[in-house]
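Analysis of the macromolecular model
The lines below spell out each chain.
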Amino acid sequence: MPNATVCLTYDFDAVSVWIHTFGASNAPTQLSRGIYGAWVGAPRLLDLHDKHDIPATWFVPGHTIESFPDRVGEVHDRGYDIQCHGWRHVNPATFDGKEAEQSEYERAISNIEDVTGRKPTGFRSPAWEFSEHTLEIIEELGFEWDSSQMGNDFAPYHLRKNWKAPDSDPFELGDSTDIIEVPISWKRADFPALMFVWEQSILWGYANERAVFDLWKTQFDWMYENVEDGIFTLAMHPQVIGQPPRTRRLEELIQHMQTKPGVEFAGVDTVVTEIRDGEREVFDVMGT
Ligand SMILES: [Zn+2]
């Protein structure tokens, strides 16, 4: 078992985030930012990963697969894992009921099967949020793991259902499920810090780029020194991290990680397989 594992993940939203999240279906310049992700950002990242021979997990909405089939096919053909990121890039809470949500994920699964020849095992919510039905749906659809939540930083854990968050009574944690969560963080992501979105006053996108990469490096170093068998999951977007000179900064971060003994780069699915095989521990939730 390595001392530390790094999972580099890419949410390949392309134009879907502009159409379905930011409502810009009639705004060609906004849409072109997503096209940039498919045309320019994605190949740069594939080249970077090829150069260093390190795995990656690509979460791809069905919308991106149907819109840019050649580029998504290239991601698969070059050896990178493709997992589910919904079909439309919407917050699951906005679906009109369980059936509507489930049918979109079924379409997304079918898209991925067409590209890879197998069902995806992992799910990342497009909004990094669940509806009241999402967990039940992904269980029923046979997913083994999720990477959307933030209940830990560097340790995987089991998602829980039947939790309750009433206004005036204590929070109830609910019951453990078989779905393994490999957690993410808004602070180990590129979009909030580096992507300007005109309509969203919270997304200025003008963070000091060096500071963002320094933060990721410092977090990785802290995990390496303090967490046994920690998993450092970085969530990025080709249309954001693919912009210059960010791929070079990402490469510098990768090279820094590679200087540490016992660091391994892995796909998220590989990490989950190791958990299922008993080679890795999950976080032991206390107080249940
Ligand atoms: Zn996304």
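Starting from 1, residues in each chain are numbered consecutively following that chain's sequence as written. With the structure being a predicted model, the display of local features is reserved for residues of pLDDT at least 70 and the display and counting of side-chain atom pairs for 80 or more, all residues being used for whole-chain, interface and lining totals. Working from all heavy atoms in the structure, the side-chain values ignore hydrogens and water.

The next point concerns the overall build of the chain. Along the chain, the regular secondary structure elements total 11 helices and nine strands. The atom set for the radius of gyration is the C-alpha atoms, and the globule formula is 2.2 Å times the number of residues raised to the power 0.38. For the chain, whose C-alpha radius of gyration is 18 Å, the value lies close to the compact-globule estimate of 19 Å for 288 residues. Principal axes of the C-alpha set define a box for the chain whose edges measure 50 × 45 × 40 Å. By definition, residues are in contact when any of their heavy atoms lie within 4.5 Å. A fraction of 73% describes how many contacts in the chain between residues 6 or more apart in sequence connect residues 24 or more apart. Here the accessible surface of atoms and residues is derived via Shrake-Rupley with a 1.4 Å probe, and residues count as covered only by protein chains that are part of the display. Counting only carbon and sulfur atoms, one obtains 48% of the accessible surface of the chain, whose full area is about 13200 Å². In this description a helix means any DSSP run of H or I spanning at least four residues, a strand means any run of E spanning at least two, and both kinds are numbered starting from the N terminus.

Here the focus is the coordination of the zinc ion. Looking at the metal site, the zinc ion is ligated by D13 (OD), D13 (OD), H85 (NE2) and H89 (NE2), spaced 2.0 to 2.6 Å from it. For the zinc ion, the four donor atoms in the first shell make angles of 54 to 142° at the metal, so the coordination geometry reads as irregular. Counted as coordinating are nitrogen, oxygen and sulfur atoms within 2.8 Å of the metal, or 3.2 Å for Na, K and Ca, while water is not included, which may make sites look incomplete. Irregular is the label for any site that misses the other tests, which are tetrahedral for four donors with all angles between 85 and 135 degrees, and square planar for four donors or octahedral for six when opposite donors exceed 155 degrees and the remaining angles lie between 65 and 115.

In what follows, salt bridge is the name for a side-chain nitrogen of Lys or Arg lying within 4 Å of a carboxyl oxygen of Asp or Glu. One pass over the structure, following the stated rule, counts 18 salt bridges. One salt bridge connects R78 with D50, and the closest N-O pair in it is separated by 2.7 Å. Of the two residues, R78 sits in the loop between α4 (69-77) and β3 (81-84) while D50 sits in helix α2 (residues 28-52), which places them 28 residues apart along the sequence. For R71, the salt bridge is made with E74, and the minimal N-O distance between the two is 2.5 Å.

Bringing the packing of aromatic side chains into the picture now. A pair of aromatic rings is counted whenever rings of Phe, Tyr or Trp (Trp by its six-membered ring) have centres within 6.5 Å, and the orientation is called stacked for planes under 30 degrees apart, edge-to-face for over 60 and tilted otherwise. Applying the stated criterion across every chain, the model contains 17 aromatic pairs. Through a chain of ring-to-ring contacts, three or more aromatic side chains come together here, namely F95, Y105, F123, F130 and F143. In this analysis the charged atom, NZ for Lys or CZ for Arg, is taken to sit over a ring once it is within 6 Å of the ring centre and within 35 degrees of the ring normal. A cation over an aromatic ring shows up here: R107 above the ring of W87, its NZ or CZ 3.6 Å from the ring centre.

Think of a 1 Å grid over just the protein atoms. A cavity is a set of points where a 1.4 Å probe fits yet cannot get out, a pocket is an open set with protein on both sides within 12 Å along at least five of seven lines, and lining residues have an atom within 4 Å of a point. Grid points are joined across faces, edges and corners, and a volume is the space filled by probe spheres set on the points. By volume, the largest pocket amounts to about 520 Å³. L135, Q149, R160, K161 and W163 are the residues nearest the centre of the largest pocket, which is lined by 20 residues in total. Among the elements that take part in the lining of the largest pocket, strand β6 (residues 157-161) stands out by supplying five residues, more than any other. In terms of residue class, the lining of the largest pocket is built from 10 nonpolar, five polar and five charged. When residue character is reported, Ala, Val, Leu, Ile, Met, Phe, Trp, Tyr, Cys and Pro are called nonpolar, Asp, Glu, Lys and Arg charged, and the others, Gly included, polar.

A few words on the environment of D269. By the element assignment, D269 lies in helix α11 (residues 268-276). Exposure categories follow from relative accessible area, calculated using a 1.4 Å probe and restricted to protein chains: below 20% of the type maximum is buried, above 50% is exposed, and the middle band is partly exposed. The class of D269 is buried, set by a relative accessible area of 19%. Residues D269 and K119 lie 150 residues apart in sequence; the distance between their C-alpha atoms is 12 Å. Those residues in contact with D269 that lie beyond four places of it in its chain are D81, Q83, T121 and W145. Here T121 takes part through its side chain, which lies 2.6 Å from a polar atom of the side chain of D269. In the analysis that follows, any N or O atom pair within 3.5 Å is treated as a polar contact, provided that within protein one partner can donate a hydrogen and the other can accept it, and provided that, for residues neighboring in sequence, both atoms belong to side chains.

What follows covers the side chain of T247. Mapped onto the fold, T247 is located in helix α10 (residues 246-258). Beyond its immediate stretch of four places on either side in the chain, T247 contacts R44, L45, L48, I241 and G242.

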